[in-house]
Amino acid sequence: MVAPLYTTASGLLFHAGKILVCTVGLPARGKTHVSRALERYLRWTGVKTTVISLGDYRRKVLGSAQKLPPDYFTLGEKSEETLKLRETVLQGCEQQIWDFFNAGGQVVIYDANNGTRERRNAVAEKFDRAGIHVIMLENSCDNEEIIMANIRSYRGWDPEQAVQDYLNRIKDHELHYEPVEETTWPFIRIKNVGEKIMVNNVHGYLQSRIVFFLMNIHNRPRTIYFARSGQSLIEHSYKADSDLSPAGWEYAERLKEFVLDRRAKSLEQRGINPAERRLVIWSSARRRSHHTAWPFLTKGANDHAPPPKVKVLERPQMSEINPGVWDGLSPDQVRKYYPDEWERFVNDPYAYRAPRAESYHDLCVRLEPTLIELEREREDLLIIGHASVIRCILAYLIGLPASEIPAIEVARGDLIEVVPTSYGVYSQAHHFWDGPGRSASGKDEHNFYENYAEDTRGKRRPEAKAEGGSEPAAATVAA
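Residues numbered from 1 in each chain as written. Predicted model: local features only at pLDDT ≥ 70, side-chain atom pairs only at ≥ 80, totals over all residues. Heavy atoms only, no water.

Trainee: Describe the overall build of the protein chain, naming the residues involved and giving the relevant values.
Mentor: On a plain count of helices and strands, the protein chain comes out with 14 helices and 12 strands. Among the 479 residues that make up the protein chain, the fraction classed as buried is 55%. A sequence separation of at least 24 residues applies to 75% of the contacts in the protein chain between residues at least 6 apart. Carbon and sulfur atoms make up 50% of the accessible area of the protein chain, which amounts to about 21,300 Å² in all. (Helix = DSSP H or I, 4+ residues; strand = E, 2+ residues; numbered from the N terminus. Buried < 20%, exposed > 50% of the residue type's maximum accessible area, 1.4 Å probe, protein only. Contact = heavy atoms within 4.5 Å. Areas by Shrake-Rupley, 256 points an atom, 1.4 Å probe, with all protein chains shown as cover.)

In structure tokens form, the structure reads like this:
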């Protein structure tokens, strides 16, 4: 289930109680990447989750590594000053964990090395006494390419300086590191960020969902592109599975040129030959969506090279949101014929389901298998979809609350580029089309249930308003 519509008195879901996931591993083994990915997924399922990073807290309190005593990161004898600094950081970080649990949080991912049996047992016993379920999440890696990529991804560091510092730090930690072999606590062991996974004594629905998600992730560099399908012959009807209009076919050709050119430049900057990397394209089973992908499979009159390595997949789960009896109606018509339903809709555009329609919550539930496939995909990916579907997937990747999904603006003629990183995602929009099918608002008045972004600007679910205070502006990804 995704983004549940119900709440409980305790704020905890799936009868799972509170869970502390303690990461274990040497530096640069992908702990942060795994932690942030898991946080994103659990938040999507409606579970109140946060990552509390010992390294981030230390940098916030003490500053960069260059400002610390030389023996701060070594595991041997330490000066009295260093011991006090480390204890201050540990206690402050643990207090953040307590504060999150006390405020109604359900899952904390404690991103730290926890490389000795003594250290991780001390943390686990402390929280276990408070009735919190503890899971050890060990990340091991013997792939030098992954290790070097993780080192160079650290923020605020010169890449070469980061390499030398972390190699020295890793060498010292290896002398004292103790792998998770004790069975005192449930544990999950991941090798090479998803290549192999071992599970011991993990029970419970939510805990099992955590294992399921971790079995499907990787950290291979890739780019995810989003574009709306081209204009169709009948734009305002859900039931009419119409083909592309002449302008829609022109749009599809322009999309192909823009994506391939943009991707080639990006790969060349990373030292990769574009001809050697396959581009995977996902579309829905609706004609206007998968026909927009057709030009990628053929050589056009303006192409100077053979068709690139492209694989196109139709995913029926990616069909647009079903407007039900509102299909083809304008907002004014709905206000006139369905005044009560309209009032409920504008009060909660995420959760409300029009008669014989889908809500955005229904759409999110339908898309969950697609999100898992998205995590599994290792190649560059282009998603040619409908605005409602793109909103849901973008909200998942960027980490937006479910209540804000209907307010994400997705304009036809913009290519949205998302690059997953260890600390989140980098996203930007590129404009490439001003022809028919693109309007100033990016929506069709007669298909407002699918493209209702402007009218829901700033609207949130009632409980979200109570929790979050002031209302945010609509999320905008269109130029």
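Trainee: So, the sheet that holds strand 5 (residues 187-191): which residues are in play, and what are the values?
Mentor: Strand order in the open sheet formed by six strands is 2-3-1-4-5-6, with mixed pairing between adjacent strands. Since the sheet does not close on itself, it has two edges, and those belong to strand 2 (49-53) and strand 6 (196-200), each with one partner. Across the sheet, the mean angle from the axis of one strand to that of its neighbour is 15°, orientation sign disregarded. Looking at chain direction, strand 1 (residues 19-24) and strand 4 (residues 133-140) are connected through six bridges and run parallel. In the strand pairing of strand 4, Val-24 is matched with Glu-138. Strands strand 1, strand 2, strand 3 (107-111), strand 4 and strand 5 of the sheet are contacted by helix 1 (residues 31-44), whose axis makes an angle of about 160° with strand 2. Docked against the sheet, helix 4 (residues 117-128) engages strand 1, strand 3 and strand 4, running at close to 155° with respect to strand 4. (Pairing = 2+ DSSP bridges. Axes fitted to C-alpha atoms, helices over the stretch in contact; angles between N-to-C directions.)

Trainee: Explain the sheet that holds strand 10 (residues 380-385) to me, and be specific about the residues and the numbers.
Mentor: Across the sheet, which stays open at both edges, the six strands sit in the order 9-8-10-7-11-12 with mixed pairing between neighbours. The strands lining the two open edges of the sheet, one partner per strand, are strand 9 (310-314) and strand 12 (424-431). The sheet shows a mean angle of 20° between the axes of neighbouring strands, direction not considered. Looking at chain direction, strand 8 (residues 279-283) and strand 10 are connected through five bridges and run parallel. Residue Val-280 lies in a different strand from strand 10, and its bridge partner there is Leu-381. Across the sheet, helix 13 (residues 387-398) lies against strand 7 (224-228), strand 10, strand 11 (414-421) and strand 12, angled at about 155° from strand 7, the strand it touches most.

Trainee: A description of the side chain of His-430 should follow, citing residues and the corresponding values.
Mentor: Mapped onto the elements of the fold, His-430 is located in strand 12. What makes His-430 buried here is its relative accessible area of 12%. At a separation of 3.1 Å, a polar atom in the side chain of His-430 contacts the side chain of Glu-417. (Polar contact = N/O pair within 3.5 Å; in protein donor to acceptor, adjacent residues only side chain to side chain.)

Trainee: Give me the lowdown on unusual backbone geometry, citing residues and values where you can.
Mentor: Of note, Ala-28 is a non-glycine position whose phi angle comes to about 65°, a positive value. Inspection of the secondary structure puts Ala-28 in the loop between strand 1 and helix 1. Since its relative accessible area comes to 2%, Ala-28 is described here as buried. The phi angle at Asn-114 is positive, at roughly 45°, despite the residue not being glycine. Structurally, Asn-114 can be placed in the loop between strand 3 and helix 4. When its relative accessible area of 5% is taken as the criterion, Asn-114 is described as buried.

Trainee: Can you tell me about helix 7 (residues 205-214), naming the residues and giving the values?
Mentor: Taken together, the buried positions of helix 7 are occupied by Leu-206, Gln-207, Ile-210, Val-211, Phe-213 and Leu-214. One face of helix 7 carries all of its buried residues, which in axial projection span an arc of 165°. (Arc of directions from axis to C-beta.)

Trainee: Pulling in residues and values, what's your account of the environment of Glu-320?
Mentor: Relative to the helices and strands, Glu-320 resides in the loop between strand 9 and helix 10 (331-337). For the pair formed by Glu-320 and Glu-358, sequence separation is 38 residues and the distance between their alpha carbons is 9.7 Å.

Trainee: Give me the lowdown on the nonpolar core, citing residues and values where you can.
Mentor: Formed by 67 residues in total, the largest nonpolar core has its most connected members in Phe-226 and Leu-374. Here this core takes nine residues from helix 13, the largest share from any one element. With residues up to four places along the chain from it excluded, the contact list for Leu-374 reads Arg-222, Ile-224, Trp-282, Leu-381, Ile-383, Ile-393, Tyr-396 and Leu-397. Core analysis: the next-biggest nonpolar cluster, separate from the first, contains 30 residues, Leu-20, Leu-62, Tyr-110 and Phe-127 among them. (Core = buried A, V, L, I, M, F, W, Y, C linked by side-chain atoms within 4.5 Å.)

Trainee: Outline the packing of helix 3 (residues 80-102) against helix 4, listing residues and values.
Mentor: For the pair helix 3 and helix 4, the least separation of the axes is 12 Å and the interaxial angle reads 30°. By the criterion of interaxial angle, the relationship of helix 3 to helix 4 is roughly parallel. Considering how the two elements wind past one another, helix 3 and helix 4 form a crossing that is right-handed. From helix 3, Leu-90, Glu-94, Ile-97, Trp-98 and Phe-101 reach across to helix 4, where they touch Arg-119, Val-123, Lys-126 and Phe-127. (Parallel < 35°, antiparallel > 145°, perpendicular 65-115°, else oblique. Left-handed = near helix turned anticlockwise from the far one by under 90°.)

Trainee: Before we move on, can you summarise the state of the cysteines with the specific residues and values?
Mentor: Applying the stated criterion across every chain yields a total of zero disulfides. With no disulfide of its own, Cys-364 has Cys-392 as its nearest cysteine by sulfur position, at a separation of 3.7 Å. Residue classification places Cys-364 among the buried residues on the basis of a relative accessible area of 1%. (Disulfide = S-S within 2.5 Å.)

Trainee: Run through helix 8 (residues 246-269), naming residues and quoting values.
Mentor: With 24 residues, helix 8 extends 35 Å between its outermost C-alpha atoms, agreeing within 8% with the 34 Å of an ideal straight helix rising 1.5 Å per residue. Along helix 8, the residues classified as buried are Ala-247, Gly-248, Tyr-251, Ala-252, Leu-255, Lys-256, Phe-258, Val-259, Arg-263, Ala-264, Ser-266 and Leu-267. Where the residues of helix 8 are buried, they touch strand 7, strand 8, helix 9 (287-292), strand 10, strand 11 and strand 12. Directly after helix 8, the chain includes Gly-271, whose backbone phi takes a positive value near 75°. (Expected span 1.5 Å × (residues − 1).)

Trainee: Can you break down the packing of aromatic side chains residue by residue, with the values?
Mentor: This structure, assessed with the given rule, holds 12 aromatic pairs. Seen in terms of ring centroids, Trp-98 and Phe-127 are 4.3 Å apart; in terms of plane orientation they differ by 20°. Their pairing is stacked. Here Trp-98 is found in helix 3, whereas its partner Phe-127 is found in helix 4, with 29 residues between them in sequence. Cluster of aromatic residues (ring-pair linked, three or more members): Trp-326, Tyr-338, Trp-342, Phe-345 and Tyr-352. For the cation-ring pair, Arg-315 lies above Trp-282, with the distance from its terminal atom to the ring centre recorded as 4.2 Å. (Phe/Tyr/Trp six-rings, centres within 6.5 Å; stacked < 30°, edge-to-face > 60°. Lys NZ or Arg CZ within 6 Å of the ring centre and 35° of its normal.)

By themselves, these observations are geometric and do not establish any function.
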